[in-house]
Amino acid sequence: MKVTVHLHTILQRQTPEGPQRRMDVALLSGSTLADLIEDLGIEMPLEGMLLVVNGRTAPSNHILNEGDQVHLMPAISGG
Amino acid sequence: MQIWRVNTREQTLTREPVPESWKQLGGRGLLARIMVDELPPACDPLGPNNKLIFAPGLLTGHRLSSCDRLSVGGKSPLTGGVKESNAGGRTGLHMATLGMKALILEERPSQPGWWVLHLNKEGARFDPADDLAGLGVYAAAPKLLARYGDKCAISLIGPGGEMKLTGAGIQNVDKDKTPSRINARGGLGAVLGSKGIKAIVFDMSGCDKPAIADPPAWQAAQKAYNKALMGHPQTQSYADYGTAAMTRMTNAFGAIPTRSFSDGQFEGADKISGEAMRELLLQRGGASETTHACMAGCTIRCSNVFGGADGEEIVSPVEYETIGLMGSNLGIDSLDTIARLNWEVNDLGLDSIEIGAALGVAAQAGLLAFGDGEGALELVREIRSGSALGRALGNGAAMMGKLYGVERVPVVKGQALSAYDPRAIKGTGVTYATTPQGADHTCGLTIRAKVDHLDPQGQVEISRNAQMSMAGYDTLGACVFAGFGFAAAPETIRDLLNAKYGWNVSGNILQELGRETIMLEREFNRRAGFTAVDDRLPEWMTREPLPPHNAVFDVPEAELDGIWE
């Protein structure tokens, strides 16, 4: 299956392919967010990130589905 | 430290000892205490009985990273209630070094005319400033710096404050002499204008550094705090992308204000994101800076200088709230246009959130097409002209809604919502509704909480904790981003306070200060006539679904009313 991953701010620099803001990723069926993050080689600790699937916060053991829009964000806040 | 009390009618200064019950407060908490103790709650915000109060935070004055902030407050002409508005720049540092626990401006002149209030260790002096009347802050600040010395701190108003518009703030000069660190919210620029003061000059020259009771303990705590701050993974994100990083985040959550809060996702969000801004500024070079400090000693440096294609500065800084309210909220997807709008409202000394929201209402009323950047600039210039429409815009979103019969007005207690639609981030909606300040992003954002932001359950508790922390940081004089360091090493707050003042406060001091502050603010509002029905989002937000989640604000009213019980 394929999901679309949107990387925010400094996480864009942490992919094997170099800086990427948005990428399609092929995953084995049944993969979780944690699997995806490991595949991508993201180094930020999970507690420092917000994981968002289709506009809603999701835990790292969330099982992904075909076509999901996944956002990985450093957990910042402010304005 | 002393209380500096200035009578703007008699043009006199008295320096008084700090009352016992004010000693353990600073910044926002001290403002609330002074308002409860001294302000007639029914006073006209622009009349002689309102007071404008400046107070540095408890930790301000030592160039401790991100902790030299200034609170300004009084009764708000926008909300009719308690008001604290917070800014960086160098005013807080100068005030603390001058030994000012607070500066209280009272009364108003009996004759028309404009003045500069000059404060240094010798005392106060009023200098005529009619030659500065009508000038924008970018023209006035260099004249003031030339007249009084470019190391001074300056707080000043633009034409918006002179016109007593309720969207007017107070601008502060930063370490680079740029007058764009604004105590933006709630119309405090109009209060300064009502007292006939165009600018206040703070000159700390000849003063000793503020005292520290136990220097070795301070140094140890400072070291621990700096280590926690610099070691935090988010600090780099702020340094590189600034608050503009929020653009893609709120868009991902379906919470970015779009076309006057009618949508939660903006098709142009990527173009106005922090990531796009960084790429653009790096490519442009020249005056552009992606990483910039607003206060001396700040190690986060989340600010920026936005330069044009010609390499010249357009404005500094461009922050997320302005991107949200003057960009997506107006359907504008050009960072250059947002930067130009930002310069205009800065120069007028106006709150970019309030004016952005007012422009959104203007667009609903048919005065502007969404996406029309030049049209938005023309309307902002209308404010400068002083026309009736311009003054209505400068008085903010609620005024525009009344004038044009628009129902969908994004305000709480008369103050515009910041750039998080509360239907999609419901904890922030609880904050907007229940903070005594009126809708305000600095009073307790909840977007970082790892919860389903669309679920009304549990949002009140999340908001309460965020509100107490924020009120605590505002009392310390700490920037919200200093909170990352303090959250990682919470004992450093206690240690810094005890080292500086020789106190013996507990490890829970942040929450204690925050709660005390909010209780005082609520008490002022109660006396000023606020009730539970003021602690509500606009009714249409409980009814009108927000795409893409089609969410309404549905946190039960009983929960809102019980937030402090």
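Placed above this text is the structure.
Let me sum up the structure you'll find in this document. (Residues numbered from 1 in each chain as written. Chains lettered and ligands numbered in written order. Predicted model: local features only at pLDDT ≥ 70, side-chain atom pairs only at ≥ 80, totals over all residues. Heavy atoms only, no water.)

Within chain B, the secondary structure is distributed over 21 helices and 17 strands. Here chain B has a C-alpha radius of gyration of 22 Å; the compact-globule value for 565 residues is 24 Å, and the two agree. Principal axes of the C-alpha set define a box for chain B whose edges measure 55 × 50 × 50 Å. Counting the 565 residues in chain B, one finds 67% classified as buried. In chain B, 71% of the contacts between residues at least 6 apart in sequence involve partners at least 24 apart. Total accessible area on chain B stands at roughly 17,900 Å², and carbon and sulfur atoms take up 49% of it. The averaged location of the 65 negative side-chain charges in chain B is 4 Å from the averaged location of its 55 positive side-chain charges. (Helix = DSSP H or I, 4+ residues; strand = E, 2+ residues; numbered from the N terminus. Rg over C-alpha atoms; globule rule 2.2 N^0.38 Å. Buried < 20%, exposed > 50% of the residue type's maximum accessible area, 1.4 Å probe, protein only. Contact = heavy atoms within 4.5 Å. Areas by Shrake-Rupley, 256 points an atom, 1.4 Å probe, with all protein chains shown as cover. Lys, Arg positive; Asp, Glu negative; His and termini not counted. Charge placed at Lys NZ, Arg CZ, Asp CG, Glu CD.)

Our focus in this paragraph is the packing of aromatic side chains. Residue and element names in this part refer to chain B. For the structure shown, the criterion picks out nine aromatic pairs over all chains. Taking the centre distance of 5.4 Å and the plane angle of 50° together, the rings of Tyr 238 and Phe 484 count as tilted. Separated by 246 residues along the polypeptide, Tyr 238 in helix 7 (residues 233-241) and Phe 484 in helix 18 (residues 482-488) bring together distant segments of the chain. Assigned by exposure class, Tyr 238 and Phe 484 land together as buried. (Phe/Tyr/Trp six-rings, centres within 6.5 Å; stacked < 30°, edge-to-face > 60°.)

Let us now look at helix 9 (residues 274-284) of chain B. Of all 11 residues making up helix 9 of chain B, eight are buried, and the element is well covered by its neighbours. Lining the buried residues of helix 9 of chain B we find strand 1 (2-7) of chain A together with helix 7, helix 8 (246-252), strand 13 (289-292), strand 14 (303-307) and helix 11 (335-348) of chain B.

We now examine the interface of chain B and chain A. Each partner contributes residues to the interface: chain B has 36 residues there, and chain A has 27 residues. Carbon and sulfur atoms supply 55% of the area that chain B and chain A bury against each other, a total of about 2,600 Å² over both sides. Interface area lost by chain B to chain A is led by Arg 248, Met 249 and Lys 450 of chain B, which between them contribute 22%. Scanning the region where chain B abuts chain A turns up three salt bridges. Taking the shortest distance from any N to any O, the salt bridge between Asp 452 of chain B and Arg 56 of chain A comes out at 2.8 Å. Looking at the side of chain B that touches chain A, the elements with two or more residues in it are helix 7, helix 8, helix 9 and helix 10 (320-326) of chain B. Here the residues of the side of chain B that touches chain A are counted per class, giving 17 nonpolar, eight polar and 11 charged. (Buried area = accessible area lost by both parts, 1.4 Å probe. Salt bridge = Lys/Arg side-chain N within 4 Å of Asp/Glu carboxyl O. Nonpolar A, V, L, I, M, F, W, Y, C, P; charged D, E, K, R; others polar.)

Turning our eyes to something else, we now look at a nonpolar patch on the surface. Residues and elements named next belong to chain B. A grouping of Leu 367, Leu 403 and Tyr 404 is seen on the molecular surface, where their side chains present a nonpolar patch of about 260 Å² in accessible area. By secondary structure assignment, the location of Tyr 404 is in helix 15 (residues 397-404). Exposure remark for Tyr 404: the relative accessible area of 34% places this residue in the partly exposed category. (Patch = residues over 30% accessible without salt bridge, like charges linked within 9 Å, V, L, I, M, F, W, Y side chains within 5 Å.)

On to the packing of helix 11 of chain B against helix 13 (residues 373-385) of chain B, then. All names here are of chain B. Axis separation between helix 11 and helix 13 bottoms out at 10 Å; the angle between their running directions is 5°. Classified by the interaxial angle, the pair formed by helix 11 and helix 13 is roughly parallel. Mapping the contact onto sequence places Thr 337, Arg 340, Leu 341, Trp 343, Glu 344, Val 345, Asp 347 and Leu 348 in helix 11 and Gly 373, Glu 374, Ala 376, Leu 377, Val 380, Arg 381, Ile 383 and Arg 384 in helix 13. In terms of residue class, the contact of helix 11 with helix 13 is made up of eight nonpolar, two polar and six charged. (Axes fitted to C-alpha atoms, helices over the stretch in contact; angles between N-to-C directions. Parallel < 35°, antiparallel > 145°, perpendicular 65-115°, else oblique.)

What follows is about the environment of Ala 416 of chain B. Residues and elements named next belong to chain B. Here Ala 416 is to be found in strand 17 (residues 415-416). A relative accessible area of 0% places Ala 416 in the buried class. The sequence separation of Ala 416 and Gly 187 amounts to 229 residues, and the corresponding C-alpha distance is 12 Å. If sequence neighbours within four positions are ignored, Ala 416 has contacts with Arg 185, Ile 353, Glu 354, Ala 357, Pro 410, Val 411 and Ala 439.

Our next topic: the sheet that holds strand 4 (residues 56-57) of chain A. Read across the sheet, five strands follow the order 2-1-5-3-4 (chain A) without closing on themselves; strand pairing throughout is mixed. Sheet topology places strand 2 (22-26) and strand 4 of chain A at the edges, where each strand pairs with a single neighbour. (Pairing = 2+ DSSP bridges.)

Residues and elements named next belong to chain B. Taking strand neighbours across the sheet as the criterion, the three strands line up as 13-14-15 in an open arrangement whose pairing is antiparallel. Lying at the two open borders of the sheet, with one neighbouring strand each, are strand 13 and strand 15 (313-315). Between one strand axis and the next, the sheet turns by 40° as a mean value, whatever way the strands run. Sheet analysis places strand 14 next to strand 15, joined by two bridges and oriented antiparallel. Residue pairing for strand 15: Phe 306 is matched across the bridge by Val 315. In this fold helix 11 packs onto strand 14 and strand 15, with an angle of close to 70° to the strand it touches most, strand 15.

The next thing to look at is the nonpolar core. Phe 54, Leu 103, Leu 105, Ile 200, Phe 202, Leu 476 and Phe 486 of chain B are the most contacted members of the largest nonpolar core, which has 203 residues in total. Looking at this core, the element that brings in the most residues is helix 12 (residues 352-364) of chain B, giving eight residues. (Core = buried A, V, L, I, M, F, W, Y, C linked by side-chain atoms within 4.5 Å.)

All names here are of chain B. In the segment running from Ser 316 into Pro 317, the intervening peptide bond is cis, with an omega of -10°. With an omega of 5°, the peptide bond between Pro 547 and Pro 548 qualifies as cis. For Pro 548, the location among the structural elements is in the loop between helix 20 (509-527) and helix 21 (557-561). Phi at Asn 550 is positive, roughly 50°, even though this residue is not glycine. Residue placement: Asn 550 occurs in the loop between helix 20 and helix 21. Judged by relative accessible area, Asn 550 falls into the exposed class, the value being 52%.

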